[in-house]
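What follows is each chain in one-letter form.
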Amino acid sequence: MTTPQPRFPAGFRWGVSTSAYQIEGGADAGGRGLSIWDTFAHTPGRIADGSTGDVACDHYHRHAEDVALMAGLGISAYRFSVAWPRVQPGGTGAANQAGLDFYERLVDDLLAAGIDPVATLFHWDLPQPLEDAGGWLNRDTAGRFAEYADLVAARLGDRVKLWITLNEPFIHMSLGHGTGEHAPGEALLFDAFPVAHHQLLGHGLAVAALRAHSTSPVAIANNYSPVMLRGDTDADRVAGATYDALHNRLFTDPLLGLGYPPGVEPTVVRDGDLDVIAAPIDVLGVNYYNPTGIRAPEEGSPLPFEMVPLDGYPRTAFDWPVVPDGLRDLLTGLKERYGDALPPIQVTEGGCAYDDVPDADGRVHDPERITYLDGHLRAVRAAIDAGVDITGYFVWSLLDNWEWAEGFSKRFGLVHVDFDTLVRTPKSSYAWYRDLIADNRDRP
Ligand code: IFM
């Protein structure tokens, strides 16, 4: 890098993130049940390369090796997700102790390595029996989620250092139930709004369950994509505001006590629900990858906006534009929008996919990822300097892993995984992140 990274405040949480279905494998191990992603991935035509998460990175059997990789990085926190179908294979009822045993081993190994366990309870892998009963379209699923949260917190509440209820409920609603690109594969467009409300209701009920067993802070991880208008007519501005309400406000306004933004209110809200949803949280998890270009739609379009490519920026292997300033603007914009209602922020995901290939010596050089992370961490620092309370950053992801509908074709890891042999090879970005963390630790 040409200029050294600015320093971060003492106690800043340096982490990496993963999720259960993307890394664990062990699909049948320890009495795990089926999730909607097992069903989806095993349906021909759903996944780009025809793969499944049955084995993924085999983290279920190799978690000790992966914790050692984390210790080598020097991270202070590891964000993983608990697979609901490991804990409740049928989606309801008593806990499957073997499932909880696995997470207990992981949590204890992390603590022994000096790494804070950060547990996400729902990263999209709904037990299939709950989907068969209506999934998140069914209000009952919110109550089931709180019961599951209770079981996990009863076992791990004394050791998990930060709880995250839901990961990216917007993506689960929009891609899972709006367009059908993700599990469970429903293409309901705007009829998917009940999924937003029931996830938020489940979040609020789970907050109470977590607090009954644990004094650790509670968060949610929302993903945000700031709007970059591509057009300057009134119609373009209306389209931008609509997209912003849908992607950036639908899951945050009600959490912070403002109710649903006009124009995107679900019709299934009952008296008292908004109070449950607005239960205070301690941290807002922010996942950021890129902004979205928006302009007014063509006449006759089924959508009230049109998404347009953002030209002039470098692009990742996912074809996502690399816009670090978008992260700074997002973070300062959250502060402007929510003011004192905004809790401290941790960036719970940020990262990029590139086609990383080992060289003849077996080393994996990923300079684009270093540039990406360097730019985005400078953006975080700039937002801190502008007065936003940001207390952590988690790289997505520790390992190359199973990227949902893209299968194994998109590599996000600091560590390369050979999906035939499952051999792990730290990339040059791993060494860069390790040195950055050490530098921040060593300099007062
Ligand atoms: O891999 C996903 C993760 O599961 C949720 N956030 C975005 C990542 C990259 O697409």
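Thresholds, definitions, all that
Residues numbered from 1 in each chain as written. Predicted model: local features only at pLDDT ≥ 70, side-chain atom pairs only at ≥ 80, totals over all residues. Heavy atoms only, no water. Helix = DSSP H or I, 4+ residues; strand = E, 2+ residues; numbered from the N terminus. Rg over C-alpha atoms; globule rule 2.2 N^0.38 Å. Buried < 20%, exposed > 50% of the residue type's maximum accessible area, 1.4 Å probe, protein only. Contact = heavy atoms within 4.5 Å. Areas by Shrake-Rupley, 256 points an atom, 1.4 Å probe, with all protein chains shown as cover. Pairing = 2+ DSSP bridges. Right-handed = clockwise from strand over helix to strand, strands pointing away. Phe/Tyr/Trp six-rings, centres within 6.5 Å; stacked < 30°, edge-to-face > 60°. Lys NZ or Arg CZ within 6 Å of the ring centre and 35° of its normal. Near = heavy atom within 4 Å. Polar contact = N/O pair within 3.5 Å; in protein donor to acceptor, adjacent residues only side chain to side chain. 1 Å grid on protein atoms, 1.4 Å probe; cavity = no way out; pocket = protein on both sides within 12 Å on 5 of 7 lines; lining within 4 Å. Sits in = over half its atoms within 2 Å of the grid points. Nonpolar A, V, L, I, M, F, W, Y, C, P; charged D, E, K, R; others polar. Core = buried A, V, L, I, M, F, W, Y, C linked by side-chain atoms within 4.5 Å. Salt bridge = Lys/Arg side-chain N within 4 Å of Asp/Glu carboxyl O. Points joined across faces, edges and corners; volume = space filled by probe spheres on them.

## Describing the overall build of the chain
When helices and strands are counted, the chain shows 14 helices and 13 strands. Relative to its length of 444 residues, the chain is compact, with a C-alpha radius of gyration of 21 Å against a globular reference of 22 Å. Classification of the 444 residues of the chain by burial places 59% in the buried group. Excluding contacts between residues fewer than 6 apart, the proportion of contacts in the chain whose partners are at least 24 apart in sequence is 77%. Summing over all exposed atoms, the chain offers an accessible surface of approximately 16,300 Å²; the carbon and sulfur share of this is 53%.

## A word on helix α8 (residues 169–179)
Counted residue by residue, α8 has nine buried out of eleven residues, so it is predominantly covered. Within the sequence span of α8, burial applies to Pro169, Phe170, Ile171, His172, Met173, Ser174, Gly176, His177 and Gly178. Looking at the buried side of α8, the elements it contacts are α2 (36–41), β3 (116–122), β4 (162–167), α9 (193–213), β5 (218–224) and α10 (234–249). Following α8 by one or two positions, Gly180 has its phi on the positive side, about 85°.

## Structural notes on the side chain of Arg411
Note on placement: Arg411 falls in the loop between β11 (390–396) and β12 (415–417). In this structure Arg411 touches Cys352, Ala353, Tyr354, Asp356, Arg369, Asp400, His416, Val417, Phe419 and Lys427, once residues within four positions along its chain are discounted.

## Quick look at the pairing of strand β10 (residues 345–349)
Burial of β10 is extensive: five of the five residues sit out of reach of the surface. Relative to β10, strand β7 (residues 283–288) is paired through four bridges, and the arrangement is parallel. Note that in β10 the partner of Val286 across the bridge is Val347. As judged from the two bridges shared by β10 and β11, these two strands associate in the parallel manner. Among the inter-strand pairings, Ile345 is bridged to a residue of β11, identified as Ile390. Remark: the β10/helix α13 (residues 367–385)/β11 crossover connection has right-handed handedness.

## Side note on the packing of aromatic side chains
Scanning the model with the defined rule gives 30 aromatic pairs in all. The interplanar angle of 85° and the centroid separation of 5.2 Å between the aromatic rings of Tyr21 and Trp402 together place this pair among those described as edge-to-face. Residue Tyr21 is located in helix α1 (residues 20–23), and its partner Trp402 is located in the loop between β11 and β12; the two are separated by 381 residues in the primary sequence. For Trp402, a relative accessible area of 0% corresponds to the buried category. Members of the aromatic cluster, connected to one another through ring pairs, are Tyr21, Trp37, Phe40, Trp124, Trp402 and Trp404. The ring of Phe102 carries the charged tip of Arg86 above its face, separated from the ring centre by 5.8 Å. Residue placement shows Lys410 over the ring face of Phe318; its charged tip is 5.5 Å from the ring centre.

## Digging into the site of the ligand
As a structural note, the neighbourhood of the ligand is formed by Gln22, His123, Trp124, Asn167, Glu168, Tyr289, Trp320, Glu349, Trp396, Glu403, Trp404 and Phe412. In this structure, Glu349 approaches the ligand through a side-chain N or O atom, which is 2.5 Å from a nitrogen atom. Surface burial for the ligand is 95%, taken as the share of its 280 Å² of free accessible area covered by protein chains. In this structure, the ligand is accommodated by the largest pocket. Among the residues making up the shell around the ligand, the classes are represented as six nonpolar, three polar and three charged.

## What about the nonpolar core?
Grouped burial of nonpolar side chains is what soluble globular proteins tend to show. Ranked by internal contacts, the top residues of the largest apolar core, which has 128 residues, are Trp37, Tyr78, Trp163, Met173, Val380, Ile390 and Tyr433. With sequence-adjacent residues up to four places away left out, Met173 is seen in contact with Gly178, Ala192, Phe193, Val195, Ala196, Gln199, Leu246, Leu250 and Phe251. One finds Val118, Ala219, Val283 and Phe394 within the second-largest nonpolar core, a separate group that totals eight residues.

## Side note on the pattern of salt bridges
In the structure shown here, the tally under the stated rule is 31 salt bridges. Arg159 serves as the salt-bridge partner of Asp158, at 3.0 Å between the closest nitrogen and oxygen. We note a salt bridge from Asp329 to Arg328, for which the minimum N-O separation is 3.0 Å. Residue class for Asp329 comes out partly exposed when judged on its relative accessible area of 41%. In this structure Arg328 comes out as partly exposed when scored by relative accessible area, which is 30%. Linked by salt bridges that have partners in common, Asp101, Glu104, Asp108, Arg155, Asp158 and Arg159 make up one network.

## Quick look at the layout of surface pockets
The volume enclosed by the largest pocket comes to roughly 1,300 Å³. Lining the largest pocket are 48 residues, and of these Ile171, Leu175, Tyr243, His247 and Trp320 lie nearest its centre. Among the secondary structure elements, those contributing two or more residues to the lining of the largest pocket are α8, β5, α10, β7, β8 (292–295) and β9 (306–308). Looking at the lining of the largest pocket element by element, the count peaks at seven residues for α8. Each residue belonging to the lining of the largest pocket can be placed in one class, and the counts come to 28 nonpolar, 13 polar and seven charged.

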